[in-house]
Protein chains: 2
Amino acid sequence: MGQNYTFEVGERMDNFRFYVPTDVRFGKDRLEEELTDVLDAYGKTVLLAYGGGSIKKNGLYDQITKLLEANGNTVVELSGIEPNPRTETVDRGVALCREHQVDVILAVGGGSTIDCAKVVAAGFYFDQSAWDLVLARRTFAGPALPLVTVLTLAATGSEMNSGAVISNLATNQKLGVGAASMIPKASFLDPQNTFTVPQYQTAAGSADILSHLFENYFKVTEGTDVQDGIAEGLMKTVIKNCPIALKTPDDYDARANLMWASSLALNGLTGGGKGGAWSCHPMEHELSAFYDITHGVGLAILTPRWMEYILSDTTVGKFQQFAHNVWGITETDPFTAAKKGIQATYDFFKACGIPMTLPEVGIDEEKLEIMAEQAVKHSTIEKAAYVPLTAADVTNIYQECLTESSFI
Amino acid sequence: MGQNYTFEVGERMDNFRFYVPTDVRFGKDRLEEELTDVLDAYGKTVLLAYGGGSIKKNGLYDQITKLLEANGNTVVELSGIEPNPRTETVDRGVALCREHQVDVILAVGGGSTIDCAKVVAAGFYFDQSAWDLVLARRTFAGPALPLVTVLTLAATGSEMNSGAVISNLATNQKLGVGAASMIPKASFLDPQNTFTVPQYQTAAGSADILSHLFENYFKVTEGTDVQDGIAEGLMKTVIKNCPIALKTPDDYDARANLMWASSLALNGLTGGGKGGAWSCHPMEHELSAFYDITHGVGLAILTPRWMEYILSDTTVGKFQQFAHNVWGITETDPFTAAKKGIQATYDFFKACGIPMTLPEVGIDEEKLEIMAEQAVKHSTIEKAAYVPLTAADVTNIYQECLTESSFI
């Protein structure tokens, strides 16, 4: 470890800002008592944003609309937000907010719904299209309407951070944007609202949480014991609780731990102070942009192959730490330990029922090269990743995903 | 484990609110660029609160007063805040704020200075004495002046939470108070500002951080993998980095990890969702109230004896987990593993140079019983601790601290 790295030894943690003013209301049955009080701080006209209708099946839609009606709110609905939310849907939401002069947005759903709502919130004050706003990426610094969320899926962490990912199918682009103004003002995290999440989505969400932790954990910045210790604790939490939730979907503690882990994995706790770019997310975003696959599944497929691809004398120490602290692997030979950790990661995803090859999700060799070029073009992985990756490297990693793998 | 516990299995994590809107500016040399911008959001008249003058020796006082002068601030000083801040000092600060119509408080120091500044901030709007405010404890819900901190000691976590502890030597009381309004608006955490902290205070501060983690970790609530995983990661961070900081006081990463661990140990991450009372803090507060000893030292002395005292069939599982995950003890016999973990905790504090008996800090048998009675009276340890403790139990634990101990 340390070869890529340019700071003085003993002076390595980067400066960072940690500012997460989201008022998290975690636990059971809080909406009845607290939701309208929280919303009333911002006004009476609410944009209710949600996805494909699962909240109508599980009763959450009825519960919330009744609460808002009893509270005298004017409710405007933005429904049908896609799993990979599209820029056209954001435009539609912005138009609704302007037409009805919305005071506050209430997003009820998973990361896609919340991401869409964030860009709607900022788009309200932005005088160009939603896609122009997305193209500003992390440089966007405009205001946004206040956003309150009711989370229904443990996965992206969007409920407690500033980021959003929006897709443009016309250009095959899936890009992140974010600003302090887009951090939710309050988020209701009731584990019971994830009891009805199907097994496939539960597994994919857990893979997404783990990937956020891996991306922040495997970085060139050293000396970040706080961040890495928290990441290891959260990884172990997901690895323990995802199988419980798959077997017993209404196990409260399993759902609670997955939900809280999702928020903390990507709110700055594990990434603050650690420079450099992510690796698997840019590679996965192209799979989703070209084939519209489930984000977490793409990440699960890519992650172990990426880990093996970058394993070297430089990185083996960190992979051995990962194998030991996260998977309890006590093997003392560094490379053997590292490979066992990678195998354990692969086996875990597979045991959770995730299809672990690209053909299983409908992706063949045809577009691997163009997706690899786009992954490099849309990100800084060629220069700033844990181990920098060229388009050729990305193609190689994609190709490893065409068939089942063994790492030991 | 689990005997004291009344929830359904699989439905154990308590509801909690996590709301920590402190804008943390972590890292090197940020004051020049950022301090006055942060303060200007609240106004131009600043109460500068600090302790015994160490900030005059290390240059921080000069740096800050020059910045404020150049920015056109009116500065009022509250100096001489004690290591266990006294209620009379709070009253003095409140009077200064009223006399000069202060807009914002800038606390430069460790937990004592910040704690004092918090109660001054709330006392400004409170029409009785500071001690009356403290006696309201956690029920206090009034407003407070905005508070910004510049941290100089990794220990209490006060820089990122709502709590404060104030001493009344006239009544031998040391009590906690807290309210959402008292959470710092912003905190500057520059590890370099702790390079000059003496060894004894570095060790005592680390013991304080560890104690916060222990208090939250050893609780009756089960199923809190997120909280406990984070706590274990932070414990390992302190155990690794405290000895480095003792040996090399200007090791940036060691100081950075201790500083960030101090903030995260007590901001709700490790305690949220876990009910019940703390154990060692109420016992230690009486030692400090009666003998004015260093808080972290008192905690270090008490902790291993408390651990051994409460070790039982009920608690041994958690202690084995602690021994394994934090100390790397692979012993499979639960009680042997637990005792090795307790011994490791004791040995760690001792190796850090902390005096590990009460007589070494000037406390003999004389007042043990009355302090034990007060510890029970001022807290809920008799009913709500991990293992409930009567005054007789507390006396027994105090007595174990009179001589050196061995736990295996």
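The rules behind the values
Residues numbered from 1 in each chain as written. Chains lettered and ligands numbered in written order. Predicted model: local features only at pLDDT ≥ 70, side-chain atom pairs only at ≥ 80, totals over all residues. Heavy atoms only, no water. Helix = DSSP H or I, 4+ residues; strand = E, 2+ residues; numbered from the N terminus. Buried < 20%, exposed > 50% of the residue type's maximum accessible area, 1.4 Å probe, protein only. Axes fitted to C-alpha atoms, helices over the stretch in contact; angles between N-to-C directions. Parallel < 35°, antiparallel > 145°, perpendicular 65-115°, else oblique. Left-handed = near helix turned anticlockwise from the far one by under 90°. Contact = heavy atoms within 4.5 Å. Patch = residues over 30% accessible without salt bridge, like charges linked within 9 Å, V, L, I, M, F, W, Y side chains within 5 Å. Areas by Shrake-Rupley, 256 points an atom, 1.4 Å probe, with all protein chains shown as cover. Salt bridge = Lys/Arg side-chain N within 4 Å of Asp/Glu carboxyl O. Lys, Arg positive; Asp, Glu negative; His and termini not counted. Charge placed at Lys NZ, Arg CZ, Asp CG, Glu CD. Expected span 1.5 Å × (residues − 1). Bend = angle between axes of the 7 residues up to and from the residue. Buried area = accessible area lost by both parts, 1.4 Å probe. Polar contact = N/O pair within 3.5 Å; in protein donor to acceptor, adjacent residues only side chain to side chain. Nonpolar A, V, L, I, M, F, W, Y, C, P; charged D, E, K, R; others polar. UniProt positions renumbered as here; feature names shortened; annotations may be inferred. Least-squares fit on C-alpha atoms with pLDDT ≥ 70 in both. Pairing = 2+ DSSP bridges. Phe/Tyr/Trp six-rings, centres within 6.5 Å; stacked < 30°, edge-to-face > 60°. Lys NZ or Arg CZ within 6 Å of the ring centre and 35° of its normal. Domains from an automatic or database assignment.

### A look at the environment of B:L145
Residues and elements named next belong to chain B. Tracing the backbone through its elements, the reader meets L145 in the loop between α6 (130-135) and β5 (147-151). Assessed through its relative accessible area of 3%, L145 is described here as buried. In this structure, the C-alpha to C-alpha distance between L145 and G72, residues 73 residues apart in sequence, is 20 Å.

### Details of the packing of helix α7 (residues 199-217) of chain B against helix α11 (residues 295-310) of chain B
Residues and elements named next belong to chain B. Orientation of α7 relative to α11, taken along the N-to-C sense of each, is 45°, at an axis distance of 7 Å. Classified by the angle their axes make, α7 and α11 are oblique. Handedness of the crossing formed by α7 with α11: left-handed. Contact with α7, carried on its side by Y200, A204, A207, D208, S211 and F214, involves H295, G296, V297, L299, A300, T303 and M307 of α11 and no other residues of that element.

### Focus: a negative patch on the surface
On the surface, a cluster of negative charge is contributed by A:D29, A:E32, A:E33 and A:D37. Looking at the element boundaries, A:E33 is found in helix α1 (residues 31-40).

### As for helix α8 (residues 225-247) of chain B
The terminal C-alpha atoms of α8(B) lie 34 Å apart, and with 23 residues this matches the ideal 33 Å at 1.5 Å per residue to within 8%. Maximum bend of α8(B): about 25°, positioned at B:N241, with proline B:P243 one to four residues after it.

### Concerning the interface of chain B and chain A
Accessible area lost during the coming together of the parts is what is often quoted as the interface size. Residue-level contacts link 45 residues of chain B with 45 residues of chain A. Summed over both partners, the interface of chain B with chain A comes to about 3,800 Å²; 52% of that surface belongs to carbon and sulfur atoms. Inspection of the chain B/chain A interface yields eight salt bridges. Viewed at the interface, chain A and chain B are joined by 26 residue pairs in polar contact (both at pLDDT 80 or more). Taken together, the elements giving at least two residues each to the side of chain B that touches chain A come down to β1 (16-26), α8 and α9 (252-265) of chain B. At twelve residues, α8(B) tops the list of elements feeding residues into the side of chain B that touches chain A. Residues belonging to the side of chain B that touches chain A are distributed by class as follows: 18 nonpolar, 13 polar and 14 charged.

### Things to note about the UniProt feature "domain: Fe-containing alcohol dehydrogenase-like C-terminal" (unreviewed entry) in chain A
When the UniProt feature table is mapped to this numbering, "domain: Fe-containing alcohol dehydrogenase-like C-terminal" (unreviewed entry) covers residues 202-400 of chain A. Helix makes up 68% of residues 202-400 of chain A and strand makes up 0%, while its end C-alpha atoms are separated by 25 Å.

### Notes on the relation of the copies chain B and chain A
Note on the identical chains: chain B maps onto chain A by a rotation of 180° and an axial translation of 0.0 Å, with an RMSD of 0.0 Å. Between the two chains, the operation in question is that of a two-fold axis. Proximity to the rotation axis, assessed at the C-alpha, singles out B:P21 in chain B; its C-alpha lies 2.0 Å from the axis. Here 100% of the contact residues of chain B are again contact residues in chain A; the copies associate through an equivalent surface.

### Things to note about the pattern of salt bridges
Across all of its chains, the model carries 30 salt bridges over all chains by this definition. In this structure, B:E34 and B:R30 form a salt bridge, with 3.0 Å as the shortest nitrogen-oxygen distance. Each member of the pair, B:E34 as well as B:R30, carries the same accessibility label: buried. For B:K340, the salt bridge is made with B:E331, and the minimal N-O distance between the two is 3.6 Å. Assessed through its relative accessible area of 31%, B:K340 is described here as partly exposed. Connected via shared salt-bridge partners are A:R17, B:D23, B:R25, B:R30 and B:E34.

### Some words on the side chain of A:S279
As for its placement among the helices and strands, A:S279 is situated in the loop between α9 (252-265) and α10 (280-291). With sequence-adjacent residues up to four places away left out, A:S279 is seen in contact with A:E215, A:W306, A:I381, A:A385, A:Y386 and A:L389.

### Quick word on the pairing of strand β7 (residues 173-178) of chain B
Residue and element names in this part refer to chain B. Of all the six residues making up β7, five are buried; the element is thus mostly covered by neighbouring parts of the structure. Two elements, strand β6 (residues 163-168) and β7, share six bridges in a ladder whose sense is antiparallel. Across the sheet, residue A164 finds its bridge partner in β7, namely V177. Connecting β6 to the next strand, β7, in antiparallel fashion are four residues, including N172 with a positive phi near 55°.

### So, the packing of aromatic side chains
For the structure on display, the rule yields 34 aromatic pairs over all chains. One aromatic cluster is present, formed by A:F214, A:Y217, A:F218, A:W306, A:F319, A:F322 and A:Y386 through successive ring pairs. Across the ring face of B:Y252, the terminal group of B:K28 is positioned such that the distance to the ring centre comes to 4.8 Å.

### Some words on the UniProt feature "domain: Alcohol dehydrogenase iron-type/glycerol dehydrogenase GldA" (unreviewed entry) in chain A
Per the UniProt annotation, the sites labelled "domain: Alcohol dehydrogenase iron-type/glycerol dehydrogenase GldA" (unreviewed entry) are residues 21-191 of chain A. In the segment residues 21-191 of chain A, helix accounts for 34% and strand for 26%; the C-alpha atoms at its two ends are 21 Å apart.

### Remarks on the sheet that holds strand β5 (residues 147-151) of chain A
Read across the open sheet, the twelve strands follow the order β3(A)-β2(A)-β4(A)-β5(A)-β8(A)-β1(A)-β1(B)-β8(B)-β5(B)-β4(B)-β2(B)-β3(B); overall the sheet is mixed. The sheet terminates laterally at β3 (74-78) of chain A together with β3 (74-78) of chain B, the two strands that pair on one side only. Pairs of neighbouring strands in the sheet enclose a mean axial angle of 25°, with direction left out of account. Here β5(B) pairs with strand β8 (residues 186-189) of chain B via three bridges, running parallel. In the sheet register, B:T149 faces β8(B), and the bridge partner there is B:S187. Relative to the sheet, α1(A) contacts β1 (16-26), β4 (104-109), β5 and β8 (186-189) of chain A, its axis offset from that of β8(A) by approximately 165°.

### Focus: the domain arrangement of chain A
Residue and element names in this part refer to chain A. The assigned domain composition of chain A is domain 1 (23-194) and domain 2 (199-401). Summarising the inter-unit geometry, the C-alpha centres of domain 1 and domain 2 are found 27 Å apart. Each side of the interface is counted separately: domain 1 has 27 residues, and domain 2 has 27 residues. Summed over both partners, the interface of domain 1 with domain 2 buries about 2,200 Å², with 60% contributed by carbon and sulfur atoms. Counting the surface domain 1 buries against domain 2, the share from its top three residues, M160, N172 and K174, is 25%. Linking domain 1 with domain 2 are two salt bridges, by the criterion used here.

### Regarding the pairing of strand β2 (residues 45-49) of chain B
Across a regular strand the side chains alternate sides, sitting on one face of the sheet and then on the other. All names here are of chain B. Along β2, five of the five residues are buried, which leaves the element largely enclosed by surrounding structure. Residues of β2 alternate between two faces, with T45, L47 and A49 on one and V46 and L48 on the opposite face, all of them buried. Strand direction decides the pairing type here: β2 and β3, joined by five bridges, are parallel. Within β3, the residue paired with T45 across the bridge is T74. Bridge analysis of β2 against strand β4 (residues 104-109) gives four bridges, and the strand direction is parallel. In the strand pairing of β4, L48 is matched with L106.

### Thoughts on helix α10 (residues 280-291) of chain B
Residues and elements named next belong to chain B. For α10, built from twelve residues, the straight-helix expectation of 16 Å at 1.5 Å per residue is met to within 8% by its first-to-last C-alpha distance of 16 Å. For α10, a buried count of eleven out of twelve residues is recorded, marking the element as mostly surrounded by other parts of the structure. When α10 is considered as a whole, its buried residues turn out to be C280, H281, P282, M283, E284, H285, E286, L287, S288, A289 and F290. Among the residues trailing α10, D292 stands out with phi positive, at a value near 55°.

### Examining the packing of helix α8 (residues 225-247) of chain A against α9(A)
Residues and elements named next belong to chain A. Two elements in contact, α8 and α9, have axes whose closest approach is 9 Å; the angle formed by their N-to-C orientations is 145°. In this structure, α8 meets α9 at a crossing whose hand is left-handed. Where α8 abuts α9, its residues L234, T237, V238, N241, C242, I244 and A245 lie against D253, A254, R255, N257, L258, A261, L264 and A265. The residue inventory of the contact of α8 with α9, partitioned by class, reads ten nonpolar, three polar and two charged.

### What about unusual backbone geometry?
Positive phi outside glycine occurs at A:N172, with the angle close to 55°. Tracing the chain through its elements places A:N172 in the loop between β6 (163-168) and β7 (173-178).

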